[in-house]
Amino acid sequence: MTLKKWICLLTVASLLWAESHAQLGVCGIPLLNTRIVGGEDAPAGSWPWQVSLQKDGRHICGGSLINKEWVMSAAHCFSSVSTSGWQVSLGRQNLQGANPNEVSINVASIILHPQYNMGSRFNNDISLLRLSSPVQFTNYIRPVCLAASDSVFNYGTGSWVTGWGAVREGVSLPSPGTLQEVQVPVVGNRQCYCLNVKVGTVTDNMICAGVLAGGKDSCQGDSGGPMVNKKGSVWVQSGIVSFGEGCARPNLPGVYTRVSRYQSWIVSQISSDKPGFVQFTSSGLDADSSYTCPGLPPPVTPATTTTSTIAPVCGRAPLNSRAVGDSGVVPGGTWPWMVRLHKNGLYACGGTLITRTFVLTSAQCFSSSNPNASEWTAFLGRSLVNVSGEFEISLGIVNITVSQLAGSNIGLLHLIEPVSYKDNIQPVCMDVAASRTFPIGSQCWVAGWEKSTAAVSSVLRDLETQVASCGNVSDSENFCTVTINLQQEDQGGPLLCKSGSSWFQVAVVTISGTKSVRADVQVFAKASRFGSFLRATVGDIPSPAEDATGNSTAATMNSAAATRNSTAAPGNVTAATSNAESFSISLLLSFAVPMKSVFLLSGL
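Since the structure is predicted, the reported quantities are computational estimates derived from the model, not experimental observations. (Residues numbered from 1 in each chain as written. Predicted model: local features only at pLDDT ≥ 70, side-chain atom pairs only at ≥ 80, totals over all residues. Heavy atoms only, no water.)

Draft legend 1. Inspection of unusual backbone geometry at higher detail. Even without a glycine there, the phi angle at Asp56 is positive, about 55°. Inspection of the secondary structure assignment puts Asp56 in the loop between strand 1 (50-55) and strand 2 (58-65). Residue classification places Asp56 among the exposed positions, given a relative accessible area of 64%. Even without a glycine there, the phi angle at Ala434 is positive, about 55°. (Helix = DSSP H or I, 4+ residues; strand = E, 2+ residues; numbered from the N terminus. Buried < 20%, exposed > 50% of the residue type's maximum accessible area, 1.4 Å probe, protein only.)

Draft legend 2. Seen up close, the packing of aromatic side chains. Per the stated rule, a full pass over the model turns up 13 aromatic pairs. On the basis of an interplanar angle of 40° and a centroid distance of 5.7 Å, the ring pair of Trp47 and Trp160 is categorised as tilted. Here Trp160 lies in strand 8 (residues 158-163) and Trp47 lies in the loop between helix 1 (3-20) and strand 1, a separation of 113 residues in the sequence. Since its relative accessible area comes to 4%, Trp47 is described here as buried. Relative to Phe479, the ring of Phe438 has its centre 6.2 Å away and its plane inclined at 75°; by these criteria the two rings are edge-to-face. Of the two residues, Phe438 sits in the loop between strand 23 (410-415) and strand 24 (443-449) while Phe479 sits in strand 26 (residues 478-482), which places them 41 residues apart along the sequence. An aromatic cluster is defined as three or more aromatic residues linked by ring pairs; in this entry it consists of Trp47, Trp49, Trp160 and Trp235. Above the face of the Phe137 ring, Lys68 is positioned so that its terminal group lies 5.6 Å from the ring centre. The ring of Tyr421 is capped by Arg356, whose NZ or CZ atom sits 4.1 Å from the centre of that ring. (Phe/Tyr/Trp six-rings, centres within 6.5 Å; stacked < 30°, edge-to-face > 60°. Lys NZ or Arg CZ within 6 Å of the ring centre and 35° of its normal.)

These values are about where atoms sit, not about what they do.
If you want it as structure tokens, here you go:
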């Protein structure tokens, strides 16, 4: 390669790196922040990413500047995506009076997370606001860095929350309304789930913080504002003020949207000048990992915990007790890779989880070879109890890729963010090398969803069958079984057979592509014929337990991921009062719900 070509390649690489790390070196560095311990008022310029979201001149919510044109806040701050009357105030110190460093810019667009509030109250409580014009950075206006995917915030990690919210439940911030700050420690999700059980479920998409003795928290008017942590000289946003019960009450930590869960979604919405993402890792052990309470699944023991250095394994179904002769409706967790796919809110197809970020289904589920990913939603983690319609998580789709082989084809859906493995969310094994054999007579099952149009009526059932001879049909690309009574709702689901201790998906159910060579035999296209397509699109695929190195029973169990529905109105959170003995501000999370003591972080 000539020197000229090398220079060209290095220049392009440098530009690409600069684009993908546009804010690194700028974000998270407040030039005027010298704070070490908390105080009642935050000095001007201490938190230069803090913004006030104002509707018709009235403070509604907080937010954080993440680059020159984008602000991040909570989804519950908005009752619609109309930008009418909305402005972002940057560089502001006081809500009243003069603010010499302030800049106000209109909001050009409001983007709410597509799965906000889906399946759980305040789940995916995140929004992005595009400014009508870029802002110029100053000592008082600068972006914050964001926590990258897989960041770790263990129990006790010191965090700071800022906002203009109420100083106590029902007590507004006194004039002139100076920006408040408070330091609070992270509370583990397992413990937070137990403490907030009366309010609702704490999911993997949330992070909690607060002093369990009470007195420090966020409150009405603080909603959408940032919770940040310091890494070296850089401040990293770990949370977005979301909800809580009351303000600064004992044993009721505030609940925040976990920013690190949304790196993929944020990047997918911002086409240029990407925010700066920083990997944050707490030191020490996670004291929350052994926390137990009634109704919470037991903590994962070291023998069943995956670490980043252990390869994930596939085909584990710890809750599956299916035996010869079993067919019919099954309890949640029986087939932990099963995914329910909806298009525009209605059930469309079945699917299977094959990695943390990819779902496999039939190409027949799509009306074209280039389907619109934004129309699709994946529901994973069927409830551990046999209650219709309960799912652990729902995720949007960022891309759909369809294979282009002759005959039957498959589709791969790229999830908007990685999932965490647990007993009822596991990947199925894919025999991409076509090295597994299943003798004639082996028991296999087809798993599928009963017909319904809503996630709240989603009964999973299976059909037992046996491997049969394909006769004159080639068995190198086909897999044959005893005839099964398949329904249209089975489209995209798996044909599953067990090898050793692991379950393998040997075929994708394609209703128009399954045929009989004779009355008692059904023919499926082998999943292994798509091996090259799978490897090229997905990359690394988990190995079966008996083939994996290290801990073969790996499956990360992130505790409190149950979901709940919400009837609460949108709103905003306000700043907290200072605890006289500790000389710190209580930032309180509250918004009263009629007849209940549950409070949102909003003032709408």
